[in-house]
Amino acid sequence: MPVLQFDKIHISDERYESACAFDVNNDGVLDIVSGAYWYPGPYFKKKCKIGPVRAEGEYYDDFSTIPMDVNGDGYVDIITGGWWGNTLRWRENPKGDPTKEWKEHIIAEVGNIETTRAWDIDGDGELEIVPNTPNGPVRAYKLDKAQGKFTEHVLYKEKSGHGFGFGDIDGCGKGEIILAKGFLKAPADPLSGEWTYHEEWELGFWAASCPMLVADVNRDGLADIIVGNAHGFGLYWLEQKLENGKRTWKKHDIDPYSSQYHDMHWVDIDGDGDCELVTGKRYRAHCGKDPGEYEPYGTYYFKWTGEMFVKNVIDYGKIRHGKGIGIYSQIIDINGDGKLDIIAPGKDGLCLFVNKGFQENMGDF
């Protein structure tokens, strides 16, 4: 029977938990960027220095790699931040020169950052930068392209908690911000008005994944939420039900037996026109202090059958053999063959899973 197969390519033993791909030097080929280095495509064998990244025990203070041309020079820069530095930052691409360091610029002092995402908060077609600061408010940073600077917009003043997401929950046509206990609904002007908070579930202040995904899982026309337990066991979805104008949520398990599902994607990984859930176990998320940290690691895609999710293994094995997914991964067609590939960083190294499509499973002999 044909199965979806991937080639696992080891790129580096570096322990950065964030990575993405973009064309660093404008040569028309995607490169991989992770932590203190970038790796020129299409082979990713050479290691080019970006600059030092603060180390903190097993961690590095680098929990996102968001590509954006901040200064408008035609070369893509990166936006990052971390738990210990308390700052949202961008690093300036030296016009693709592999011999030069990427200068670091502070965007804002924001406190501890769990990770950061880029979403179109105001619906103008441009991405805003949104850090998850569990002990602080929800803020968005909009790039002023003319000035090459970001403006800060406080959307919600209370502590936001661990985990967040963005999507249209109520079908109004605008995105809501998903938090651990409910969602924030945008005002007419999302960047200057007051967002209203709707408490509708309880995911735990320190438990929800980054991101939580908004998707119509069962295709009933209502948006559902997919959530991983980032620091414990569990992966599940909340089914939205609407009766007489009252919204309720029903919890369904996807995988209650694995832990530390922190980063995830809703994409068409198998090319059949329907999205699948792609995720994996974050390697030593709390350095030995989380449930299940010493159990095997893996990267998976979960296929919705119409009734349930079926788990498909991309990689699996004991510690340092099976590969997990860090705090900021990317799914992208890196070689231009029309199939989505997986860039998987983590404290267990940096790997690329190249999608080979469906091939006959010959079994074990």
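A. How the structure looks around the pairing of strand S27 (residues 309-317). In this sheet, S27 lies alongside strand S26 (residues 297-304) in antiparallel orientation, the contact comprising 8 bridges. In the sheet register, Tyr300 faces S27, and the bridge partner there is Val313. Counted along the chain from S26 to the antiparallel partner S27, the turn is 4 residues long, and its residue Gly306 has a positive phi close to 105°.

B. Main features of unusual backbone geometry. Cis geometry marks the peptide bond from Gly41 to Pro42; its omega dihedral reads 10°. Mapped onto the secondary structure, Pro42 falls in the loop between strand S4 (37-39) and strand S5 (48-49). Cis rather than trans, the peptide bond between Cys210 and Pro211 has omega equal to 10°. Phi is positive for Asn86, which is not a glycine, with a value near 65°. With respect to the helices and strands, Asn86 occurs in the loop between strand S9 (77-81) and strand S10 (87-92). Even without being a glycine, Arg320 presents a positive backbone phi close to 75°. Assignment of secondary structure puts Arg320 in the loop between S27 and strand S28 (330-332).

C. How the structure looks around the environment of Lys142. As for its placement among the helices and strands, Lys142 is situated in strand S14 (residues 138-144). Measuring from C-alpha to C-alpha, the distance between Lys142 and Leu127 comes to 7.6 Å, with 15 residues separating the pair along the chain. Discounting residues that sit within four places of it in the chain, Lys142 has contacts with Asp122, Asp124, Glu126, Glu128, Lys149, Phe150, Thr151, His153 and Leu191. There is a polar contact of 2.7 Å between the side chain of Lys142 and the side chain of Asp124.

D. Focus on the environment of Gly193. Take Gly193: it is sitting in the loop between strand S18 (182-185) and strand S19 (196-199). Remark: the alpha-carbon pair of Gly193 and Val154, spanning 39 residues in sequence, is separated by 9.5 Å.

E. Main features of the packing of aromatic side chains. Across all of its chains, the model carries 18 aromatic pairs by this definition. Through a chain of ring-to-ring contacts, three or more aromatic side chains come together here, namely Trp237, Trp266, Trp304 and Phe309. In this structure, Lys47 packs its charged tip against the face of Tyr37, placed 4.7 Å from the ring centre. Above the face of the Tyr236 ring, Lys251 is positioned so that its terminal group lies 4.3 Å from the ring centre.

F. Spotlight on the pattern of salt bridges. Applying the stated rule across the entire model yields 29 salt bridges. Across the pair Arg117 and Asp263 runs a salt bridge whose closest N-O atoms are separated by 2.9 Å. Here Arg117 is found in strand S12 (residues 115-119), whereas its partner Asp263 is found in strand S24 (residues 261-267), with 146 residues between them in sequence. Among the ionic pairs, Lys311 bridges to Asp255, the shortest N-O distance being 2.9 Å. Of this pair, Lys311 sits in strand S27 while Asp255 sits in the loop between strand S23 (246-253) and S24, placing them 56 residues apart in sequence. Within the structure, one salt-bridge network assembled from shared partners comprises Asp61, Arg89, Arg91 and Glu104.

G. Geometry of the environment of Tyr43. Secondary-structure assignment places Tyr43 in the loop between S4 and S5. With relative accessibility at 64%, the residue Tyr43 sits in the exposed group. Tyr43 sits 32 residues away from Ile11 along the chain, and the two C-alpha atoms are 9.3 Å apart.

H. Looking closely at the side chain of Asn93. Positionally, Asn93 belongs in the loop between S10 and strand S11 (103-109). A relative accessible area of 2% means that Asn93 is categorised as buried. Among the polar contacts made by the side chain of Asn93, one reaches the main-chain carbonyl oxygen of Val76 at a distance of 2.9 Å.

I. Representation of the sheet that holds S4 within the structure. In spatial order, the strands read S2-S3-S4-S5; together these 4 strands make up an open sheet with antiparallel pairing. At either end of the open sheet lies a strand with only one pairing partner, and these are strand S2 (20-22) and S5. Relative to strand S3 (residues 31-34), S2 is paired through 3 bridges, and the arrangement is antiparallel. Bridging across to S3, Cys20 finds its partner in Val33.

J. Fine view of the nonpolar core. Residues Ile79, Ile107, Ile129, Tyr141 and Phe150 are the most contacted members of the largest nonpolar core, which totals 27 residues. Looking at this core, the elements with two or more residues in it are S2, strand S8 (66-68), S9, S10, S11 and S14. When neighbours within four sequence positions are excluded, Ile79 is seen to be in contact with Ser64, Thr65, Ile66, Met68, Val70, Leu88, Arg89, Trp90, Ile107, Ile129 and Phe150. Counting 17 residues, the second largest nonpolar core, distinct from the first, contains Ile32, Ala36, Ile334 and Leu350.

K. Representation of the state of the cysteines within the structure. Inspection of the entire model under this criterion finds 0 disulfides. In this structure Cys48 is a free cysteine whose sulfur lies 15 Å from that of Cys20, the closest cysteine sulfur available. On the accessibility criterion, Cys48 (3% relative accessible area) is buried.

Rules of the game
- Residues numbered from 1 in each chain as written.
- Predicted model: local features only at pLDDT ≥ 70, side-chain atom pairs only at ≥ 80, totals over all residues.
- Heavy atoms only, no water.
- Pairing = 2+ DSSP bridges.
- Helix = DSSP H or I, 4+ residues; strand = E, 2+ residues; numbered from the N terminus.
- Contact = heavy atoms within 4.5 Å.
- Polar contact = N/O pair within 3.5 Å; in protein donor to acceptor, adjacent residues only side chain to side chain.
- Phe/Tyr/Trp six-rings, centres within 6.5 Å; stacked < 30°, edge-to-face > 60°.
- Lys NZ or Arg CZ within 6 Å of the ring centre and 35° of its normal.
- Salt bridge = Lys/Arg side-chain N within 4 Å of Asp/Glu carboxyl O.
- Buried < 20%, exposed > 50% of the residue type's maximum accessible area, 1.4 Å probe, protein only.
- Core = buried A, V, L, I, M, F, W, Y, C linked by side-chain atoms within 4.5 Å.
- Disulfide = S-S within 2.5 Å.

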